[in-house]
Amino acid sequence: MMWNFKTKLVLLMLLLLPLLTSLGFWQLSRYQEKLDLEAQLAARQQSVLHSPGTLRTLDDPRFYRLQAEGRYLDDQTFLLDNRIHQGRSGYHVITPFMTHGGQLMLVIRGWLAGSPDKTQIPMIPPIQGNNVLDGLAWQPAGKAFLLGEDHWSDSWPKVIQALDIQRMGEALEAVPEVWFMVLDEQQPGSLTRDFHPINMQPGKHLGYAIQWFLMALVMLGIGGYYLKTAGRTHDKGH
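Here goes a summary of the coordinates provided.

About the criteria used
- Residues numbered from 1 in each chain as written.
- Predicted model: local features only at pLDDT ≥ 70, side-chain atom pairs only at ≥ 80, totals over all residues.
- Heavy atoms only, no water.
- Phe/Tyr/Trp six-rings, centres within 6.5 Å; stacked < 30°, edge-to-face > 60°.
- Helix = DSSP H or I, 4+ residues; strand = E, 2+ residues; numbered from the N terminus.
- Buried < 20%, exposed > 50% of the residue type's maximum accessible area, 1.4 Å probe, protein only.
- Lys NZ or Arg CZ within 6 Å of the ring centre and 35° of its normal.
- Contact = heavy atoms within 4.5 Å.
- Core = buried A, V, L, I, M, F, W, Y, C linked by side-chain atoms within 4.5 Å.
- Pairing = 2+ DSSP bridges.
- Salt bridge = Lys/Arg side-chain N within 4 Å of Asp/Glu carboxyl O.

## Details of the packing of aromatic side chains
- In the structure shown here, the tally under the stated rule is five aromatic pairs.
- Plain terms: the ring middles of tyrosine 72 and phenylalanine 97 are 5.2 Å apart, the flat faces sit at 80° to each other, and that makes the pair edge-to-face. With tyrosine 72 in strand β2 (residues 65–72) and phenylalanine 97 in strand β4 (residues 88–99), this residue pair connects regions lying 25 residues apart in the sequence. Note on accessibility: tyrosine 72 and phenylalanine 97 belong to one class, buried.
- Grouped by ring-pair contacts, the aromatic residues Phe78, Trp152 and Trp156 constitute a single cluster.
- Taking NZ or CZ as reference, arginine 167 lies 4.0 Å from the ring centre of tryptophan 152, over its face.

Below, the structure is given as structure tokens:
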């Protein structure tokens, strides 16, 4: 009975080993991706683009520094719901901005606190007139996962559950740039800064990889020990 139990346990551990090691190598690949992303982020912020339209010619417009002059379309703002900042729920405020060159940008102005029960839309600080903005071009890594349909109101501001540039353009009855401008601090219209261009630092991925590899080693050690003791028990039985 002991032999059968230990044999099954060893087989289970052997089956888990490839999974644990593959998870470790996957985290290592993510670690390298984030290192490359950090290097890309640093390299692309060495200069400032004064014509946002330049980004249309690039395959990857993320992380370039921008400066644009124009005006906010202050009466057409989106509120991205369920944004947590320092333990408090609120919104990311996204307001379209029309440059003097005719480019329509969606500007992520920052975080704004919401009411505890979400029955009231927060008052959005108005920003009018001509403004010069500095910020960072950014795109989401992919579509957000939603549990249900994202219903938008007919009125403004619109509370939304996910960033969807195409749908936001349809609501604006215009065609915005395919990226967002994340506003720098101390800019006209800026709110609480709550943006991280890299959602998880490379060191965390490396730490997770080490954990998976250590678990695989522990499994291997335990499996080897049980296999060895099971063999001894089997020999004594004869």
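## As for the side chain of glutamine 103
- Structurally, glutamine 103 can be placed in the loop between β4 and β5 (104–113).
- Look at glutamine 103 and you get buried, because its relative accessible area is 13%.
- In this view, glutamine 103 contacts Pro52, Gly53, Arg56, Phe97, Met98 and Glu177; residues no more than four positions away in its chain are not counted.

## Re the nonpolar core
- Residues Phe78, Ile94, Leu106, Trp138, Met168 and Phe180 are the most contacted members of the largest nonpolar core, which totals 20 residues.
- Elements with a contribution of two residues or more to this core: α1 (2–44), β3 (78–85), β5, β6 (130–138), α2 (165–172) and β8 (180–183).
- Not counting the four nearest positions on each side in its chain, methionine 168 is found in contact with Phe78, Ile94, Leu106, Trp152, Ile160 and Phe180.
- In this structure, Leu49, Leu55, Val107 and Met181 belong to the second largest nonpolar core, which totals 15 residues.

## A few points about the pairing of β5
- Of all 10 residues that make up β5, nine are buried, and the element is covered over most of its length.
- Hairpin connection from β4 to β5: four residues lie between these consecutive antiparallel strands, with glycine 102 at a positive phi of about 90°.

## Points about the environment of phenylalanine 78
- Relative to the assigned elements, phenylalanine 78 resides in strand β3.
- For phenylalanine 78 and leucine 106, which are 28 residues apart along the polypeptide, the C-alpha to C-alpha distance reads 9.4 Å.

## Brief notes about the side chain of glutamine 76
- Locating glutamine 76 in the fold gives a position in the loop between β2 and β3.
- Taking relative accessible area as the criterion, glutamine 76 reaches 19% and is therefore assigned buried.
- Excluding anything up to four places from it in sequence, glutamine 76 contacts Ile94, Thr95, Pro96, Trp156 and Leu172.

## Things to note about the pattern of salt bridges
- Here the structure, examined in full by the defined rule, presents three salt bridges.
- The closest approach of N and O atoms between arginine 62 and aspartate 60, which form a salt bridge, is 3.0 Å.
- A relative accessible area of 23% means that arginine 62 is categorised as partly exposed.
- With a closest N to O distance of 2.3 Å, arginine 65 and aspartate 184 form a salt bridge. Of this pair, arginine 65 sits in strand β2 while aspartate 184 sits in the loop between β8 and α3 (202–237); the two residues are 119 residues apart in sequence, bridging distant segments of the chain. Of the two residues, arginine 65 and aspartate 184, both sit in the buried class.

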